[in-house]
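Results of the structural survey
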Amino acid sequence: MIQIRGVRKSFGAQLVLDGVDLDIPQGAVVSIIGPSGSGKSTLLRVIDYLESADEGTIDFGQGAISLASAQPKDIFSIRSRIGFVFQNYNLFLNKTALDNVSLGLVHAKGKSRKEAERIALDELKRVGMQDFADRYPSKLSGGQQQRIAIARAIALEPELLVLDEPTSALDPEMVDEVLAVIKSLADSGTTMLMVTHEMRFARNASDHVVFFEHGNIVEQGSPERIFNHPTESRTARFLSSIH
Ligand code: ADP
Ligand code: MG
């Protein structure tokens, strides 16, 4: 179980995260849904220490690590436990698909180049991109680039895979190929925290759904409960607004 506690964050006078507590059970897929501007991306970013929180901790089962004032060794610990998939893929544009996946294995995991490339090819296979190993990102579709970004993240065997609206920058015809990859990771037991606006996917692929608004969790539960029987009127209103 990964435990996130008391996360607060303001940008200037604007309170964006208001004391968020969240548990992510091992092997579970937790999806966060909620209106634009409610602080979902900020929550994911402070969890990975891409941005510091004002208060709050994350605990991977070995003690709480501050998200407000982490020491370099704590930041390294957090980053090595979390794989991050961004909305806009963030691939290295001057590197091939294979290098995008293998470089982290060399630099963060100390693998030899040969071993890193062997693992990277396996990971490219897992996302159906083995035939594109030598391609540069500019010669790949958005869906293909995102599959490589996912391969790059999972190659490092993170304890938690974080995905921030992984399909929202894609053309509609490419959404399903990326969702299929994420679903297969979910089915193979990858622990995931995902922000998504794909409600059907959140319903089908998640173990747990969190409705987030104004910097905090309004309610959470099984997909069945949140989508069919929300107890908070704000959740019901959000769900009816997007259908
Ligand atoms: P969501 O992902 O739910 O759409 P965000 O976490 O991106 O929401 O943003 C929450 C709020 O914080 C928004 O009002 C946004 O403008 C603001 N915000 C996000 N990042 C920054 C930043 N780096 N500097 C200032 N304001 C920010
Ligand atoms: Mg966002």
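Not measured: the values here are computed from a predicted model. (Residues numbered from 1 in each chain as written. Chains lettered and ligands numbered in written order. Predicted model: local features only at pLDDT ≥ 70, side-chain atom pairs only at ≥ 80, totals over all residues.)

So, about the packing of helix α3 (residues 97-107) against helix α4 (residues 113-126). Here α3 crosses α4 at 125°, and the two axes come no closer than 8 Å. When the axis of α3 is compared with that of α4, the two are oblique. Relative to α4, α3 is oriented so that their crossing is right-handed. In this structure, α3 uses Ala97, Leu98, Val101, Ser102, Leu105 and Val106 to contact α4, whose residues at the interface are Arg113, Ala116, Glu117, Ile119, Ala120, Leu121, Glu123 and Leu124. (Axes fitted to C-alpha atoms, helices over the stretch in contact; angles between N-to-C directions. Helix = DSSP H or I, 4+ residues; strand = E, 2+ residues; numbered from the N terminus. Parallel < 35°, antiparallel > 145°, perpendicular 65-115°, else oblique. Left-handed = near helix turned anticlockwise from the far one by under 90°. Contact = placed C-beta atoms within 7 Å.)

Here we take up the nonpolar core. With 66 residues, the main nonpolar core has Val85, Ala151, Leu161 and Val162 as its most contacted residues. Element by element, the count of residues in this core is highest for helix α5 (residues 142-155), at 7 residues. Ala151 has contacts with Val101, Glu123, Leu124, Arg126, Val127 and Met129, leaving out every residue within four places of it along the chain. (Core = buried A, V, L, I, M, F, W, Y, C linked by C-beta atoms within 7 Å. Buried ≥ 20, exposed ≤ 12 C-beta atoms within 10 Å, placed from the backbone.)

A few words now on helix α6 (residues 172-187). In a regular helix each residue adds 1.5 Å, so 16 residues correspond to 22 Å; α6 covers 23 Å between its end C-alpha atoms and thus fits that length. All of the buried residues along α6 are Val178, Leu179, Val181, Ile182, Leu185 and Ala186. Seen end-on, α6 carries its buried residues on one side only, within an arc spanning 155°. Exposed and facing more than 90 degrees away from the buried side of α6 are Glu173 and Asp187. (Expected span 1.5 Å × (residues − 1). Arc of directions from axis to C-beta.)

As summarised here, the arrangement of the 4 strands in space is β2-β1-β4-β5, forming an open sheet in which the pairing is antiparallel. The two strands at the open ends of the sheet, each matched to only one other strand, are β2 (14-24) and β5 (64-66). Neighbour-to-neighbour, the strand axes of the sheet open up by a mean angle of 25°, direction not taken into account. Pairing of strand β1 (residues 2-11) with strand β4 (residues 55-59) involves 4 bridges; the strand directions are antiparallel. (Pairing = 2+ DSSP bridges.)

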